[in-house]
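Chain and residue survey
Chain residues, written in single-letter form:
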Amino acid sequence: MKKEKENKSRCKKVIIGLLIAPAIMRIAELNVERLYMKITSSIRLNSLKISESFVSVLSRSEELGTLDYNNGNKDYMSKGCMLNTYIENVTDKNIAISKYKLVVDSIKPFEMPTADIFSICKDNQLSLYVVNNGNIKLENAKVQLIGNYRDNGQTESIQIGNSMLSSVIDTRDDNNEIKIPEIEAGQILKFATLEMSVDNFERNKKVFGSIWIEVKSFIDDKEGTEIGRYPLGNLVNHDGNLDIVLGIGGEAKAIKRQVMIKLNKKTPYDISLRTEFKIGASDTEYLQTYIFTEETCEPTFHLEIKTAGKNYLVTKPVTQKIFIPLYDDDIYLSGIKRWVEENGIENYQYNDNPSLQKEIEYNIEEDYLF
């Protein structure tokens, strides 16, 4: 009898469980649906939709000539990034946007060194300097000098042979490679002085015409991971003295806003942005959200755009590494180059002379666009 009661009790529990399980699953489904509705309800109710949202490098004329630290590596971006968002109105009526904010979901630190190169020419000698604009030590790195020319007005440059280049700039290496000593974060160091030949330059000039010099920096490992590629400029002859000189050679209509992500705030937190616009009937509005950070870090963020009532358009969260340099890289490090020449510096450690260093420090506040 006892066993019979236990079996009946178990049967009841199983039946109840079978009845309750679908209900629990339905509740879970409803929760998922509610979460999904938060993201998509404004699209359904207001006939607005985010047709595209993606991160890109900062877009501005001031960036022309500054260093591209990531060199096509989309893993991180220099100085900030831009969140491009296209909102489409598929109705025949204007729709007002009443609120627009960036939500910072989380922030993580990340570390990286740089090997930024500039040159100074004097008395037919080429001195190469390296700047570690990153936040950790640079180790086991090399640079390679590369010579290019354009033939008969071609737009694509052609690389000249290593031996021909080394006949003009004596690197004492078959591949024109030079080792960079280990340097600390923020250190500026003259690491090579190379002899240049005017006679060999003139002979090569008859063959190639203009010779453009660039330098590639890379980690000296099996992969030879490239960490930077920087133009030094055109090689020219000034009255028997060789020099390298630089020549610095429509934007889409958009609603532009900018934000500064603070590292000392607890995440998640919102940054409200000024919003005064409407999306015309059957039109698409382009939002450019310029995102800056105080330091090198890896934030995760998304946009929430409020329309009528309590409805929001929400973009997918994006995680993006942003690199902030220690020194201002203005036009191919020209400011640092001038500072080094004026102060006779060959080896500078970060914070050796804070008052003098202020002249070349990167100031994120001055980099705001508008």
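Cut-offs and rules
- Residues numbered from 1 in each chain as written.
- Predicted model: local features only at pLDDT ≥ 70, side-chain atom pairs only at ≥ 80, totals over all residues.
- Heavy atoms only, no water.
- Helix = DSSP H or I, 4+ residues; strand = E, 2+ residues; numbered from the N terminus.
- Buried < 20%, exposed > 50% of the residue type's maximum accessible area, 1.4 Å probe, protein only.
- Areas by Shrake-Rupley, 256 points an atom, 1.4 Å probe, with all protein chains shown as cover.
- Pairing = 2+ DSSP bridges.
- Axes fitted to C-alpha atoms, helices over the stretch in contact; angles between N-to-C directions.
- Arc of directions from axis to C-beta.
- Contact = heavy atoms within 4.5 Å.
- Polar contact = N/O pair within 3.5 Å; in protein donor to acceptor, adjacent residues only side chain to side chain.
- pLDDT = per-residue confidence, 0-100.
- Disulfide = S-S within 2.5 Å.
- Phe/Tyr/Trp six-rings, centres within 6.5 Å; stacked < 30°, edge-to-face > 60°.
- Lys NZ or Arg CZ within 6 Å of the ring centre and 35° of its normal.
- Salt bridge = Lys/Arg side-chain N within 4 Å of Asp/Glu carboxyl O.

Turning to the overall build of the chain, a few remarks are in order. Along the backbone of the chain there are five helices and 24 strands. For the chain, the proportion of its 370 residues judged to be buried stands at 43%. Accessible surface for the chain amounts to roughly 20,200 Å². Of this, 49% is attributable to carbon and sulfur atoms.

Attention shifts here to the sheet that holds strand 1 (residues 48–56). Taken together, the four strands give an open sheet; going across it, the order is 1-3-19-16, and neighbouring strands pair in mixed fashion. Single-partner strands in this sheet number two, and they are strand 1 and strand 16 (255–261). Averaged over neighbouring strand pairs, the angle between their axes works out to 20 degrees when direction is ignored. The pairing of strand 3 (residues 81–89) with strand 19 (residues 284–293) spans eight bridges and is antiparallel.

A few words on helix 3 (residues 198–208). Taken together, the buried positions of helix 3 are Val198, Phe201, Asn204 and Phe208. Summarising the axial view, the buried residues of helix 3 lie within an arc of 125 degrees, below the 170-degree limit, and thus occupy one face. Turned more than 90 degrees away from the buried face of helix 3 sit Asp199, Arg203, Lys206 and Val207, all of them exposed. On its buried side, helix 3 packs onto strand 8 (141–149), helix 2 (162–168), strand 12 (188–196), strand 13 (211–219), strand 14 (226–238) and strand 15 (241–245).

Right, let's get into the side chain of Asn89. Topologically, Asn89 is positioned in strand 3. Within the local environment of Asn89, its side chain forms a polar contact with the backbone oxygen of Lys93, the two atoms lying 2.7 Å apart. Every residue in contact with Asn89, bar those within four places of it in the chain, is listed here: Ser47, Leu48, Asn94, Ile95, Ile279, Gly280, Ala281, Ser282 and Asp283.

Further remarks concern the confidence of the model for the chain. Taken as a whole, the chain shows an average pLDDT of 78; of its residues, 78% reach a score of 70 or greater. Here helix 1 (residues 2–46) is the element of the chain with the lowest mean pLDDT, 38, and strand 24 (residues 347–348) is the one with the highest, 97. Every residue in residues 5–45 scores below 50 in pLDDT, and together they form 19 contacts with partners more than four places removed in sequence or on other chains. A low-confidence stretch, residues 60–74 stays under pLDDT 50, and its non-local contacts, those more than four residues away or across chains, total 37 contacts.

This next bit is on helix 4 (residues 334–343). Looking at helix 4, one finds that the buried residues are Gly335, Ile336, Trp339 and Val340. Summarising the axial view, the buried residues of helix 4 lie within an arc of 135 degrees, below the 170-degree limit, and thus occupy one face. At the C-terminal side of helix 4, Gly344 shows a positive phi close to 60 degrees.

For the structure on display, the rule yields zero disulfides. Here Cys297 stays unpaired: no disulfide links it, and the sulfur of Cys81, its closest cysteine neighbor, is 9.6 Å away.

On to unusual backbone geometry. Among all residues except glycine, the phi angle is most often negative; among peptide bonds, the trans geometry is most common. Across the junction of Thr267 and Pro268, the peptide omega takes the value 0 degrees, indicating a cis bond. Along the chain, the position of Pro268 falls in the loop between strand 16 and strand 17 (269–272). Its identity as a non-glycine residue notwithstanding, Asn176 has a phi of 55 degrees, on the positive side. Inspection of the secondary structure assignment puts Asn176 in the loop between strand 10 (169–170) and strand 11 (177–180). By relative accessible area, Asn176 is classed as buried at 0%.

Turning our eyes to something else, we now look at the packing of aromatic side chains. Within the structure shown, the criterion is met by four aromatic pairs. An angle of 0 degrees between the planes, with centres 4.4 Å apart, marks the rings of Tyr86 and Tyr286 as stacked. With relative accessibility at 24%, the residue Tyr86 sits in the partly exposed group. Aromatic side chains Trp339 and Tyr348 sit 5.2 Å apart centroid to centroid with 90 degrees between the ring planes, which places their arrangement in the edge-to-face category. Each member of the pair Trp339 and Tyr348 is classed as buried. A cation sits over an aromatic face here: Lys216 above Phe218, 5.4 Å from the ring centre. We note Lys321 situated over the ring of Phe110; from NZ or CZ to the ring centre the distance is 5.5 Å.

This model, assessed by the stated rule, comprises ten salt bridges. Among the salt bridges present, the one from Glu346 reaches Lys190, with a minimum N-O distance of 3.1 Å. The exposure class assigned to Glu346 is partly exposed, which follows from its relative accessible area of 47%. For Lys190, a relative accessible area of 23% corresponds to the partly exposed category.

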